[in-house]
Structures are given as C-alpha cells and as structure tokens.
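# Survey of secondary and tertiary structure
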Amino acid sequence: MYEGVNASDGIGIGVARVAVEPDLSFTPHKPDDAGDEKQRYAAAVAKFIEQTNAQIERMTQTVGEEAAAIMGAHIEFAEDEGIQEMVNGSIDSGMCAEQAVSEAYDMYYNMFSNMEDELFRERAADVADVKTGLLADLLGKEVVDLSTLPENSVVVVHELTPSMTADIDKDNVAAIVTETGGRTSHSAIIARALEIPAVLSVADCTKNIKGGDMVIVDGSRGRVLVNPADSDLTHYRAKAKQFAEEKQALEAYRGKPTVTGDGDKVLLVANIGNPDDANVAAEHDCEGVGLFRSEFLFMDAKELPTEDEQFTAYQKVALRMKNQPLIIRTLDVGGDKEIPYMNLQKEENPFMGYRAVRYCLNNPEQYKVQLTALLRASAFGDIKIMVPLVTNLDEIRQVKALVEECKADLDARGVSYNKDIEVGTMIETPAASLIADDLAAECDFFSIGTNDLIGYTMCADRGNDKVAYLYDVYQPAVLRSLKRIIEEGNKAGIMVGMCGEAAADPLLIPVLISFGLGEFSVSAPSILRTRRIISEWTKAEADALTEKVMKLKTAAEVKAMLQAAAR
Ligand code: PEP
Ligand code: MG
C-alpha cells in the first residue's frame, strides 16, 4: 500500500493507465529562414490558443466556470508579449523554434517555481503546460490524451497539469494518483471539482504502478492499493458503493436548513485550511466556517506571512462567506504542526509544550500582526477570533488585551474593522473543560476541539497506534467532559460549537443534540450527511438515548448502544 495526500474524497477502483509524457526531445539546429521559423512558432501559438479555448468551453460545462478560468492563464502565457519577443529574438539570432520556445518557457518556469508565494509557484505548472503544448505541435507529437480513456481508468501521472485535467472524461476516470501536488495545487482543486477520488504526492507512483495493474484509490484517507487481495477488493467495493449511494441520497438535503427532528435550528459549518477550501465548503452547502486553521497559511509560506498577506487571505474567505459566520483560529503552531522557519526547539513532549497560544503570547508583536490582519478583514464579513489550546483565564484575558491594543492601532491608522468582533476559545484541554464556567463568563463562544481533548483527557497521543484503543470519543470520561462544557456554555448564553472530527461522527450526533450543541463544524464532504443525521433525531429521542448512554461504564458499551440506535 502507498500513502499520499488525500486530495479528493471517495473510493476509485480500476485499471491503471500510466500517462507518460510524449518524447518531446529535439536536436537544436539553425533554420534556413528565420521568417519561416517565426511563422511556424506563430502557427503553433494560434493552434494552442484555439485548442485551449475549446477546452475552456468543455470545462465550463463539466467543472464550472471557476475551474475553467484556470485555463485562461494558459492563453495568457501563450500570448504573453514578453515571451513572444524573447522567442522571436532567439529565432532571429539563429535558434530553431523548438529551442527558442524551450528556453523562453524554461526561464519563466524557473522564475515562478522559485517564488515564495505559493500561488505564483503554482503558475509554474501552467508555464510547463504551455511549453509542452507548443513543443508538441512544433514536433508533430500528441500530448497524453485523457479524453479517450476506457471506462474505470485510474490515471497515474507524474503531475496532473490543468490542461490534462480539462480533457478528463469524468465518467471514465475512476481515480487519480500523482507524484506531486498538495491539497492546494490545481490538480487537487480540479479533482475535487470533478469529484474524482485523488491521492497526490505518491512517490514514484509512475514507476511502481504499471499500466494494467488493478488499483484501489481511497481518496478520503490518501491510500493506494496496487493489485489488491480479493478481500481488499470486496471491502473497498462495498465502501465505494456505500459512498456513491449515500452521496446521491444526500442531495435531498442541499439548500435545506439544518434542523433537528423537532425543527430546532443548529448551525452546520465547515472546517477549512486555506482560502480555496472555502469554495469547496460553499459548494457543499456550508452555513459558514467554524474553523479556519490559520496555521496552514504559515506552513505554506517560507517566512512569516506579513499583515497584508494574512489580511488578503482572511478577507478572501470573508467575502466568499458573505455574511455567514467565519471563525478563524489564531496560529496553532507546535505539537504535530511544525513550521520550519520559526526554528522552535525540539521538545521531549511537544504536545504538552511550547505551542499555540503559549507561543503566541510569548511573541506578542508577531501575534499582533495576525490579530491586526484579522481585525482588518472583519470589516468584510462576520469574522470571529478563536484561541487554541487555552488552559486558563489569564490566556484569554491577555489575548483580549492584545486585541484591544490592535484596535487602538487601527483607530490611529484610520482603518475600519468590526468593533464588536467576538473572541472565543477552543475547549480542547481538560483544564479548559474544568473551568468552562469561568471561561464562558469571559468568552463570546466555545468550540470544542475533540481531536486534542480526547488525547489529553485519555493521556493517549492522537497519533500513537499502540494507545489508539484509548483514544476514543465514546470513553465515559470524554463524554462527561463534553456534557459539562456544553452545559456551562449554554448556561452562560454563549454559542457552543464543536470543530473536532467527532462533530461529524454519525453515532455521536444524537448525544451532541441532547447535550445542546449549537454548532457542528465538519469537513466539507461531511456537511450534507451531518445535516441528514441531525434531522433524524428529535430532542426527546436524543435525550432518551443519551440518558441511557451516560449511565454506561465503558467505551465499548457506549459504542454498542449508539450503533444499535443509529438510524
Ligand atoms: C481539535 O483539536 O479538535 C482541533 C479541531 O484542532 P486540530 O485538529 O487542528 O488540533
Ligand atoms: Mg487542536
């Protein structure tokens, strides 16, 4: 089994088609007539633009305008006057069109791929695409044609370029596996738009997987199985069938309000890691964002993002969410989230160490840059600030004091922001759970981070296989903690949400309804399913089940009872 980045959800099973680039090598030569050579180049550009326009038209119908717009960059790079002058200049100085095109586009490729801004680095793939298209035409070669693949193909490729994706016939491609690309790469964005399961950054997959191999791709978990055992095939076929059926049935919940069986409204929002995820969340019908993990902005950069860079990212999501709530968590560095340029020392026990709000309060000037960017962006939407890993009231008080300082600075600068911006806390430590009443008195909202809360409550590392049996939301200790947090928040009249993975746990949802959870923040693909399950429970039914559950003594008993009750 190979592992990679889980870029697009779902299970794909099919036969590998390893798309190897055509041989575009050539022997540089001096053309007889530079004028004719420039004509060849101009004809290649014209053909490329014509083909790309046709692709854009196809893509607009299959993946929508936004994804199709990515191809517009190809036309820009083909038409770019600077590049054209460079190519024609090189031809005038004696190069053949192939060499002139190759050198000009290589120069632009190197320039983009060395840029610090990830968005610019992503442009390098577009430049490479244009070079391939032009060279293929000049050499009379065909670029990999993904539009004519047989049914149930699993596309295995070094890098899925936007133009290849444009050609993909969604009905025939069961899954995609690549050697490069992260969750924000164009390949990932388009794979998600096409809803084709995809696992990216699987090292050497074009060598290790052979054309004709049977492949299972689990895009939700980032796993790829090659020539699997019959038992795996049976297991994943059942999972794929279940995934497809469930997805289809869930469409009935699109555009509907999220209400319990009694008609009581709860908020159903999404967890996101970067501004592009907000589009995906909106496509899945979210009612806002309950957790924007801002540390991904920091992890994707090579140095601390400036106030303006952060502001732009937060503003982008705020505008996308219109007036829906948008909770942005301040930098949660440390633990399992390393940011190399911050040069944090290695610690014996990083999960209990110098991280999250502890790091931020110890670096107030740096923290104020983020708080100021958040405040500025709050003029463009319903942004709320959330503090991670809080264990005591002093931390909240200090963060709020820094927010006030930033507000005063912005007043002095004459910059507008939401003066009533809410400041809330994650409840993800046993200490925060135990002082939930005091925290509720000074916070505008709670969001329960079960991912960490379970680990800290059970003293079981969330990534340690050997103690995974203890890391369980159904443990009575965890359930009692959740009950207490939600009750204390509700008593104080503040919103209590949950942004840990447990918020989307189908078995746990009735218990959370009974406890009085007001907001469920889940990954985008879980939104419609969570809406369905919430709608299937009245408060009285959820209460009756929860009363019995809370009397049980072991996690196994709890799970068994919840499974038996599941709808
Ligand atoms: C959590 O701990 O539940 C949480 C949502 O935060 P993260 O997974 O980023 O630690
Ligand atoms: Mg956490």
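Attention in this report is confined to the structure presented alongside it. Treat the numbers as computed from the prediction; the structure is a model and nothing was measured.

### Looking at the site of ligand 1
Taken together, 13 residues form the shell around ligand 1, and within it R293, R329, K337, N451 and R462 come nearest. Between an oxygen atom of ligand 1 and a main-chain N or O atom of N451, the distance comes to 2.8 Å. For ligand 1, whose free accessible area comes to 290 Å², the fraction covered by protein is 99%. Listed by contribution, the elements that provide at least two residues to the shell around ligand 1 are β10 (289–293) and α19 (450–458). Tallied by class, the residues present in the shell around ligand 1 amount to three nonpolar, four polar and six charged.

### So, the pattern of salt bridges
Summed over all chains, the structure comprises 37 salt bridges. Two residues, D137 and K47, come together in a salt bridge whose shortest N-O distance is 2.9 Å. Of this pair, D137 sits in helix α6 (residues 118–139) while K47 sits in helix α1 (residues 34–62), and the two are 90 residues apart along the sequence. Here K47 falls in the partly exposed class, since its relative accessible area comes to 38%. Linking E442 and R397 is a salt bridge whose minimum nitrogen-to-oxygen distance equals 2.7 Å. One end of the pair, E442, is in helix α18 (residues 436–442); the other, R397, is in helix α16 (residues 393–413), and 45 residues separate them in sequence. Taken together, the salt bridges that share partners define one network made up of E295, R329, D332, R355 and D452.

### Let's talk about the packing of aromatic side chains
Any two aromatic rings considered together are summarised by their centre-to-centre distance and by the angle between their planes. For the structure shown, the criterion picks out four aromatic pairs. Between F292 and Y314, the aromatic rings sit 6.0 Å apart at their centres with planes inclined by 80°, giving edge-to-face as the arrangement. Here F292 is found in strand β10, whereas its partner Y314 is found in helix α13 (residues 307–320), with 22 residues between them in sequence. No difference in accessibility class separates F292 from Y314, as the two residues are buried. Sitting above the plane of the F311 ring, R376 keeps its charged end 4.1 Å from the centroid. In this structure, K419 is placed above the aromatic ring of Y417, and the distance from its NZ or CZ to the ring centre is 4.5 Å.

### Here we look at empty space enclosed by the protein
Rolled over the atoms, a probe sized like a water molecule indicates the empty space that remains. Going through the model one piece at a time under the given rule, you end up with one cavity of 30 Å³ or more. The volume enclosed by the largest cavity comes to roughly 30 Å³. Every residue lining the largest cavity is listed: P476, L479, R480, V549, M550 and L552. Here the lining of the largest cavity takes three residues from helix α20 (residues 476–491), the largest share from any one element.

### Quick notes on helix α11 (residues 275–283)
Those residues of α11 not exposed but buried are P275, D277, A278, N279, V280 and A281. Between the side-chain oxygen of the N-cap and the backbone nitrogen of D276 there are 2.9 Å, and the N-cap of α11 in question is N274. At the exit of α11 stands D285, carrying a positive phi of roughly 75°.

### Thoughts on the nonpolar core
Core analysis: the biggest nonpolar cluster contains 95 residues, and Y314, F446, I448, L482, L508, F520 and L562 have the highest contact counts within it. Take this core: its biggest share by element is seven residues, from α16. Not counting the four nearest positions on each side in its chain, L508 is found in contact with V473, Y474, L479, L482, A502 and L562.

### Some words on the packing of helix α3 (residues 72–79) against α6
At a closest axis distance of 9 Å, the pairing of α3 and α6 adopts a crossing angle of 60°. Between α3 and α6, the angle falls in the class oblique. The two elements α3 and α6 cross, and the hand of that crossing is right-handed. Residues A73, H74, F77 and A78 of α3 form the contact with α6, whose participating residues are R123, D126, V127, D129 and V130. Residues belonging to the contact of α3 with α6 are distributed by class as follows: five nonpolar, one polar and three charged.

### Points about the side chain of D332
On the secondary structure map, D332 appears in the loop between β11 (325–329) and α14 (356–362). One polar contact links D332 to R329, side chain to side chain, over a distance of 3.4 Å. For D332, the residues in contact, after removing those within four places along its chain, are E295, K337, R355, A356 and P388.

So, how was this worked out
- Residues numbered from 1 in each chain as written.
- Chains lettered and ligands numbered in written order.
- Predicted model: local features only at pLDDT ≥ 70, side-chain atom pairs only at ≥ 80, totals over all residues.
- Heavy atoms only, no water.
- Near = heavy atom within 4 Å.
- Polar contact = N/O pair within 3.5 Å; in protein donor to acceptor, adjacent residues only side chain to side chain.
- Areas by Shrake-Rupley, 256 points an atom, 1.4 Å probe, with all protein chains shown as cover.
- Helix = DSSP H or I, 4+ residues; strand = E, 2+ residues; numbered from the N terminus.
- Nonpolar A, V, L, I, M, F, W, Y, C, P; charged D, E, K, R; others polar.
- Salt bridge = Lys/Arg side-chain N within 4 Å of Asp/Glu carboxyl O.
- Buried < 20%, exposed > 50% of the residue type's maximum accessible area, 1.4 Å probe, protein only.
- Phe/Tyr/Trp six-rings, centres within 6.5 Å; stacked < 30°, edge-to-face > 60°.
- Lys NZ or Arg CZ within 6 Å of the ring centre and 35° of its normal.
- 1 Å grid on protein atoms, 1.4 Å probe; cavity = no way out; pocket = protein on both sides within 12 Å on 5 of 7 lines; lining within 4 Å.
- Points joined across faces, edges and corners; volume = space filled by probe spheres on them.
- Core = buried A, V, L, I, M, F, W, Y, C linked by side-chain atoms within 4.5 Å.
- Contact = heavy atoms within 4.5 Å.
- Axes fitted to C-alpha atoms, helices over the stretch in contact; angles between N-to-C directions.
- Parallel < 35°, antiparallel > 145°, perpendicular 65-115°, else oblique.
- Left-handed = near helix turned anticlockwise from the far one by under 90°.

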